Amino acid sequence: MSSPSTYAPPGEMLHSAEAVQAAIAHQAEWLRPRLANENPLVVVLLQGALYYAAWLTLALAIPLEIACVDVGRYGRGRSGGVLAWRQKLAADVGGRSVLLLDDIFDEGATLAAVRAACIAAKAREVRSAVLLRKRHDRARAQEPDSAALEVPDCFVVGCGLDDAGRWRNLPAIYALDERALPRSLPDRVAERIGT
Ligand code: IMP
Ligand code: MG
């Protein structure tokens, strides 16, 4: 028999896999009556919201459509930089009820940019939900309509969130112990690599 995997980053587990799934199920209960009759277009902010969007849309269990954008401002670093659009929204959002999904709400710049693009493309209504909300008061944009869980003001990985591409495929949320790891590549290198 194979031994259990020890795949996990240096750092404290903040939310177990079970806690993440329970919070998403709870969030789906809250969102379902608001979206059930709207055939919403769910816009997934890649790459971080990949797992969250799959789990939430399965839990919602209502008619909906899914589209993706690839946008980010972290690249391979651990602090926010210039917002880069790697793939714009191809779907027609005109007249649609839109639900934006992102992995984490930090200062809000990423969701604000995608919301603005949907409004410019004449979406009827734009809501947003995130898996995580970072606890601080630096947010300078509209809050998401729903956050499944909160995390302290530190760098977190797992459930789609990465550090320079690593740790996305962890089923739990961890606070990365940054002293135990080399710093990620600077943002300007990341912009060239285009992660
Ligand atoms: P905001 O634009 O400041 O709200 O930052 C949100 C975006 O930054 C998300 O789409 C994440 O991809 C990324 N991000 C913010 N905080 C973290 C973190 O702690 N770990 C991994 N990615 C993060
Ligand atoms: Mg992101």
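Whatever comes next refers back to the structure up there.
Attention in this report is confined to the structure presented alongside it. For every chain, the first residue of the written sequence is number 1, and numbering continues from 1 onward in sequence order. Whichever chain is written first is A, and whichever ligand is written first is 1; the rest continue in order. Per-residue local features are limited, in this predicted model, to residues with pLDDT of at least 70; the limit for side-chain atom pairs, both in listing and counting, is 80 or more; totals at the level of whole chains, interfaces and linings are taken over all residues. Where side-chain values are given, they derive from all heavy atoms of the structure, hydrogens and water being excluded.

**Some words on the overall build of the protein chain**
Helix and strand definitions follow DSSP, with helices as H or I runs of at least four residues and strands as E runs of at least two, each counted in order from the N terminus. Looking only at helices and strands, the protein chain has four helices and nine strands in total. Each helix (α) and strand (β) of the protein chain, taken in turn from the N terminus, gives the series β-α-β-α-β-β-β-α-β-β-β-β-α. For the radius of gyration, the atom set is restricted to C-alpha positions; the globular benchmark scales as 2.2 Å times the number of residues to the power 0.38. For the protein chain, the C-alpha radius of gyration of 17 Å lies close to 16 Å, the compact-globule estimate for 195 residues. Along the three orthogonal principal directions, the C-alpha set of the protein chain runs to about 50 × 40 × 35 Å. A total of 195 residues make up the protein chain; the buried ones form 46% of that total. Contacts are residue-level and defined by heavy atoms, with any inter-residue pair within 4.5 Å sufficient. Counting contacts in the protein chain only where the partners sit at least 6 residues apart, residues at least 24 apart contribute 68% of the total. Surface exposure here means Shrake-Rupley accessible area, sampled with a 1.4 Å probe, where a residue is shielded only by the protein chains that are shown. Split by element, the accessible area of the protein chain, about 9600 Å² in all, is 54% carbon and sulfur. The charge count includes Lys and Arg as positive and Asp and Glu as negative, but it does not include His or the ends of the chains. Where a charge lies is defined by one atom per residue type, namely NZ (Lys), CZ (Arg), CG (Asp) and CD (Glu). Of note, the protein chain has its 23 positive side-chain charges centred 4 Å away from the centre of its 23 negative side-chain charges. Residue exposure (1.4 Å probe, protein chains only): buried if accessible area is under 20% of the type maximum, exposed if over 50%, otherwise partly exposed.

**A short note on the packing of helix α1 (residues 17-35) against helix α2 (residues 50-60)**
Packing of α1 against α2 leaves a shortest axis separation of 9 Å and a crossing angle of 50°. Between α1 and α2, the interaxial angle falls into the category oblique. α2 is crossed by α1, and the crossing has right-handed handedness. Facing α1, whose interface residues are V20, Q21, I24, Q27, A28, L31 and R32, α2 presents Y52, W55, L56, A59 and L60. Grouping the constituent residues of the contact of α1 with α2 by class yields nine nonpolar, two polar and one charged. Between N-to-C directions, angles cover 0 to 180 degrees, with each direction set by a line fitted to C-alpha atoms, over the stretch in contact for helices. Relative orientations are named as follows: roughly parallel for angles under 35 degrees, roughly antiparallel for angles over 145 degrees, roughly perpendicular for angles from 65 to 115 degrees, and oblique for any other angle. Each helix crossing is assigned a hand: it is left-handed if the near helix lies turned anticlockwise from the far helix by less than a right angle, otherwise right-handed if that turn is clockwise. In the scheme used here, Gly and all other residues not listed as nonpolar or charged are polar, with Ala, Val, Leu, Ile, Met, Phe, Trp, Tyr, Cys and Pro taken as nonpolar and Asp, Glu, Lys and Arg as charged.

**Overview of the sheet that holds strand β6 (residues 125-134)**
With mixed pairing, the six strands of this open sheet are ordered in space as β4-β3-β2-β5-β6-β7. Of all strands in the sheet, those with a lone pairing partner are β4 (84-87) and β7 (146-151), marking the two edges. For this sheet, the mean inter-axis angle between neighbouring strands, taken without regard to orientation, is 25°. Running over the sheet, helix α3 (residues 109-120) touches β2 (41-46), β3 (65-72), β4, β5 (97-105) and β6 and is turned about 165° from β5. Whether two strands pair depends on DSSP finding at least two bridges between them.

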